[in-house]
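Spelled out from the first residue to the last, the chains are:
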Amino acid sequence: MEKQDYTFLETFPFWNHLSKEEQNLLKQNTKEQKYPKGYNIHHGSEECAGLLYIKRGFLRAYILSEDGREITLYRLYEGDVCILSAACVLDAITFDVFVDTESPCEIYTVSAPILHDLAEKNIYVEAFNYRMAADRFSDVMWAMQQILFMGMDKRLAIFLVDESAKCKSDEIHLTQEQIARYMGTAREVVSRMVKYFVGEGIVESFRGGIRIVDKKKLKSYLQ
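Residues numbered from 1 in each chain as written. Predicted model: local features only at pLDDT ≥ 70, side-chain atom pairs only at ≥ 80, totals over all residues. Heavy atoms only, no water.

So, on to the pairing of strand E8 (residues 105–110). The buried fraction of E8 amounts to six of the six residues, a majority that puts the element mostly inside the structure. Neither face of E8 is exposed, since Cys105, Ile107 and Thr109 on one face and Glu106, Tyr108 and Val110 on the opposite face are all buried. Direction of pairing for strand E1 (residues 30–35) relative to E8: antiparallel, over a ladder of six bridges. Each residue of the ladder has a partner; that of Tyr35, found in E8, is Cys105. Strand direction decides the pairing type here: strand E3 (residues 51–56) and E8, joined by five bridges, are antiparallel. Pairing of Leu51 across the sheet is with Val110, part of E8. (Buried < 20%, exposed > 50% of the residue type's maximum accessible area, 1.4 Å probe, protein only. Helix = DSSP H or I, 4+ residues; strand = E, 2+ residues; numbered from the N terminus. Pairing = 2+ DSSP bridges.)

What follows covers the packing of aromatic side chains. The description of an aromatic ring pair rests on the distance of the ring centres and on the angle between the ring planes. Applying the stated criterion across every chain yields a total of 14 aromatic pairs. Grouping aromatic residues by their ring pairs yields a cluster made of Tyr6, Phe8, Phe12, Phe14, Tyr53, Tyr108 and Phe128. In this structure, Arg60 is placed above the aromatic ring of Tyr62, and the distance from its NZ or CZ to the ring centre is 4.3 Å. Note that Arg75 overlies the ring of Tyr182, its terminal NZ or CZ placed 4.9 Å from the centroid. (Phe/Tyr/Trp six-rings, centres within 6.5 Å; stacked < 30°, edge-to-face > 60°. Lys NZ or Arg CZ within 6 Å of the ring centre and 35° of its normal.)

Sheet strands pair via backbone hydrogen bonds, and the direction of the pair is either parallel or antiparallel. Sheet architecture is open: four strands sit in the order E1-E8-E3-E6, paired in antiparallel fashion. At either margin of the open sheet sits one strand with a lone partner, and together these are E1 and strand E6 (81–82).

Taken in spatial order, the three strands of this open sheet run E9-E11-E10, and their pairing is antiparallel. Edge positions in the sheet fall to strand E9 (171–172) and strand E10 (203–206), since each has one partner strand and no second. Strands E10 and strand E11 (209–212) of the sheet are contacted by helix H6 (residues 187–199), whose axis makes an angle of about 125 degrees with E10. (Contact = heavy atoms within 4.5 Å. Axes fitted to C-alpha atoms, helices over the stretch in contact; angles between N-to-C directions.)

Below you can see the structure in the form of structure tokens.
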């Protein structure tokens, strides 16, 4: 059986404030799993999946509106930590957060009950939990700010610039249906905005994706 490498735990700021027994307990209650693209890792606040550390791949955290529309809160990449998937660790989390894989992933999951118990005994673990939660809520507030106060042209420009940076390419291989889902809007709205950007010579649309042809003009919408 392949030996698991849990050295990532040693990068957590509370690690050196744990006893040897607590360190071993944390290692023993951390598991590594592989997931295919499109897998639902965490399904709402009633579930307590645990703290997620992304070893490889990337995830998307989102909420669902009453009519079933997905609203992306944030996305997580290699080396990132998701604690909103450990709802039982943070009593203040009262809304349903869903977490899906957006690529084949290798994920370390730290047991939520163990993390909760350690936080009750160790202020450094508690501080870490709330700092991670604060970071994620900052991402959530940024997503809400875009939805509530920004025009669709600026929102789409932000999305395309971020995606281009993430994939290190001017070609974004996402359908307009997928983009709409990530942005929490209707496909027709995205289609109209893409058509406008095409007319302005900012992007080109191809089957299954969008190509940025004038990044300078696209970034002008971010101002």
